[in-house]
Amino acid sequence: MTRIVFDRVIKFYGGLAAVDALTLDLSSGSLTGLVGANGAGKSTSMRILLNLTRATQGSATFDGVPYARLRRPARVVGAMTEPDVFHPGRRGRDALGILAAAAGLPSRRVPEVLEQVGLTAAAEKRAGAYSAGMRQRLALAAALLGDPQTLILDEPPNGLDPAGVHWLRGLIRRLAGEGRTVLVSSHQLAELAQAVDDVAVIDRGRLVTHQPVASLSPDGSPVWLEQAYFALTRKEGP
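The following paragraphs examine the structure supplied in this document. (Residues numbered from 1 in each chain as written. Predicted model: local features only at pLDDT ≥ 70, side-chain atom pairs only at ≥ 80, totals over all residues. Heavy atoms only, no water.)

### Notes on the pairing of strand E6 (residues 150–154)
Of all the 5 residues making up E6, 5 are buried; the element is thus mostly covered by neighbouring parts of the structure. In E6, alternate side chains face the same way, and those of Thr150, Ile152 and Asp154 on one face and Leu151 and Leu153 on the other are all buried. Bridge count between strand E5 (residues 77–80) and E6: 4 bridges; the pairing is parallel. Its bridge partner being in E6, Met80 is matched across the sheet by Leu153. The parallel pair E6 and strand E7 (residues 181–186), bridged by helix H6 (residues 162–177), forms a crossover whose chirality is right-handed. (Buried < 20%, exposed > 50% of the residue type's maximum accessible area, 1.4 Å probe, protein only. Helix = DSSP H or I, 4+ residues; strand = E, 2+ residues; numbered from the N terminus. Pairing = 2+ DSSP bridges. Right-handed = clockwise from strand over helix to strand, strands pointing away.)

### Description of the environment of Val199
Its location among the elements puts Val199 in strand E8 (residues 198–203). Exposure remark for Val199: the relative accessible area of 0% places this residue in the buried category. Val199 sits 11 residues away from His210 along the chain, and the two C-alpha atoms are 5.6 Å apart. For Val199, the contacting residues outside a window of four places in its chain are Gly33, Val35, Thr209, His210, Gln211, Val213, Leu216 and Leu225. (Contact = heavy atoms within 4.5 Å.)

### Some thoughts on the environment of Thr2
Residue position: Thr2 is located in the segment before strand E1 (4–13). Sequence separation of Thr2 and Gly33 is 31 residues, and the distance between their C-alpha atoms is 16 Å. Apart from the residues lying within four places of it in its own chain, the contact partners of Thr2 are Leu26, Ser27, Ser28, Phe62, Asp63, Val76, Gln149, Thr150 and Thr181. Here the side chain of Thr2 touches Gln149 through a polar contact of 2.8 Å, side chain to side chain. Here the side chain of Thr2 touches Thr150 through a polar contact of 3.3 Å, side chain to side chain. (Polar contact = N/O pair within 3.5 Å; in protein donor to acceptor, adjacent residues only side chain to side chain.)

The analysis is restricted to geometry; functional conclusions fall outside its scope.
Have a look at this one:
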């Protein structure tokens, strides 16, 4: 299990603060949804955590260690930030095999994660012929290759049909139930209300609140979470 800590993280693009003094502590084994409108700073925060973007100030760490200094990052952190990263001419199995070899992971993990995400039958199909939902599943398989202690998932329901979203919700909860720390970014509040235990609301790069879903949605209803979000961010609801 791994603790994730954002410590006063600031990220400027020009004169604009995309992330503004973000401080967030996610305990080991937690299942947290990072909620915010498009442009709120969710993806930028995750990219800083994964060393894909450098923070202007502050730090983001896994058990006190930044991603760049992790000794075996694939075994500590599995990340899904962008589904369209696979060469369209490569078969799904081969794309994962290349990633496994680069990370020093055993080749047996490839068929295991393909089965885990429901892509065994499409393993020999080229990634360029995958549907949007299949590409999401392949990206999730890549995140799971190292059997990581922590999962960072940016908008994982995108491209999935209703059955796929239902499947994803169950998978995320099972992984968290195994003691992994899971951080899921999404603006789909109704889905998050059913999938996560805690919610961190971010608005204009700042943390607005971090608390259990149950305290924001007392009856477990997605409507309550939406109402709480609009009230906390002072945004106008639909």
